[in-house]
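# Structural overview
Here is how the chains run, residue by residue.
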Amino acid sequence: MRSYFPRIAVLSIITVMFLSSTVKLHGQTLIYDAFIRGDKVGEMKVIREVNDEATKIIVDTHIEAHMLVKIEVDFKSSSTYMDNKLLLGKAETRTNGHLKSSVYTVLKDGQYNIDIDGESSKINKDELVGADYYYFEVPENGAESYALATGGILDMVKKDQNEFYFEHDDKKEIHTFKNGVLHELEISHRFYTITFKRRL
């Protein structure tokens, strides 16, 4: 009995180490530095974890900009996909530490149920791909994607071989790809433009 327990413990540790290494082998992290008018103002980290059952994407962004006043913006999202289809999405935006918006999306009974700041709505589609998916994949021209942060549908327009853009919420986002992943993201607001450049 005494020799049996250590064997089980060792096997358990080896199994956990193997599973952990498997997750790492199927993971990918992209880090982007954020700039406004050439000054670094923050960073965005995008993590993709893939296993045999699902793909999970996590986005974590922190911006600290000094304009007329100091503004801190934090955006966090997580999404789960199976067979390239969004199953579950959560997104939260905070400004100066205060919750600005919270969006929860779930595929249920063949349609997407969305909760935006406590208000419920539905999208009558049985398949969506979140915009976060296109950090790691080059979209097709005219591809439709879903904005996890707002609950809206986006149309990806091909600008040239490696550039796509979409417009929403009075913003234009230009996505530039290199070697199959997002290399640069430029978000043009009314009063300023913020650019995320991949850290190599």
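A brief structural summary. Here the structure is a predicted model, which is why all the values come from computation and not from measurement.

## A closer look at the overall build of the protein
Along the backbone of the protein there are one helix and 15 strands. Restricting the contact set of the protein to residue pairs at least 6 apart, pairs at least 24 apart contribute 31%. If you sum the accessible surface of the protein, you get close to 12600 Å²; carbon and sulfur atoms cover 51% of it.

## Regarding the pattern of salt bridges
The full count for this structure, using the stated rule, is nine salt bridges. When the shortest N-O distance is used, the salt bridge between Glu-64 and Lys-70 registers 3.6 Å. Take Glu-64: its relative accessible area is 30%, and that puts it in the partly exposed class. We note a salt bridge from Glu-72 to Lys-70, for which the minimum N-O separation is 3.4 Å. For Lys-70, a relative accessible area of 41% corresponds to the partly exposed category.

## As for the pairing of strand β14 (residues 181-188)
Here strand β13 (residues 171-178) runs beside β14; their pairing, made up of seven bridges, is antiparallel. Along β14, the bridge assignment pairs Phe-177 with Leu-182. Counting the residues in the hairpin turn of β13 and β14 gives two residues, including Asn-179, whose phi is positive at 55 degrees. Sheet topology places β14 next to strand β15 (residues 193-198); five bridges connect them, and they run antiparallel.

## A closer look at the pairing of strand β10 (residues 152-155)
Note on strand geometry: in a regular strand, side chains alternate between the two faces of the sheet. As paired elements, strand β9 (residues 144-147) and β10 share four bridges and run antiparallel to each other. Within β10, the position partnered with Ser-145 by the bridge is Leu-154.

## Looking at the environment of Ala-149
Topologically, Ala-149 is positioned in the loop between β9 and β10. The residues touching Ala-149, leaving out its near neighbours within four places in the chain, are Phe-75, Ala-91, Ser-101 and Val-103.

## Some words on a nonpolar patch on the surface
A contiguous nonpolar patch, built from Met-67, Leu-68 and Val-69 and spanning about 350 Å² of accessible area, is present on the exposed surface. With respect to the helices and strands, the residue Val-69 is situated in the loop between β3 (55-66) and β4 (70-82).

## Section: the packing of aromatic side chains
Evaluated as defined, the whole model comprises four aromatic pairs. For the ring pair Tyr-133 and Tyr-134, a centre distance of 6.1 Å and an interplane angle of 85 degrees mean the geometry is edge-to-face. Each member of the pair Tyr-133 and Tyr-134 is classed as buried. These aromatic residues form a ring-pair network of at least three members: Tyr-81, Tyr-133 and Tyr-134. Sitting above the plane of the Tyr-165 ring, Lys-172 keeps its charged end 4.5 Å from the centroid. Note that Lys-197 overlies the ring of Phe-35, its terminal NZ or CZ placed 5.7 Å from the centroid.

Basis of the calculations
Residues numbered from 1 in each chain as written. Predicted model: local features only at pLDDT ≥ 70, side-chain atom pairs only at ≥ 80, totals over all residues. Heavy atoms only, no water. Helix = DSSP H or I, 4+ residues; strand = E, 2+ residues; numbered from the N terminus. Contact = heavy atoms within 4.5 Å. Areas by Shrake-Rupley, 256 points an atom, 1.4 Å probe, with all protein chains shown as cover. Salt bridge = Lys/Arg side-chain N within 4 Å of Asp/Glu carboxyl O. Buried < 20%, exposed > 50% of the residue type's maximum accessible area, 1.4 Å probe, protein only. Pairing = 2+ DSSP bridges. Patch = residues over 30% accessible without salt bridge, like charges linked within 9 Å, V, L, I, M, F, W, Y side chains within 5 Å. Phe/Tyr/Trp six-rings, centres within 6.5 Å; stacked < 30°, edge-to-face > 60°. Lys NZ or Arg CZ within 6 Å of the ring centre and 35° of its normal.

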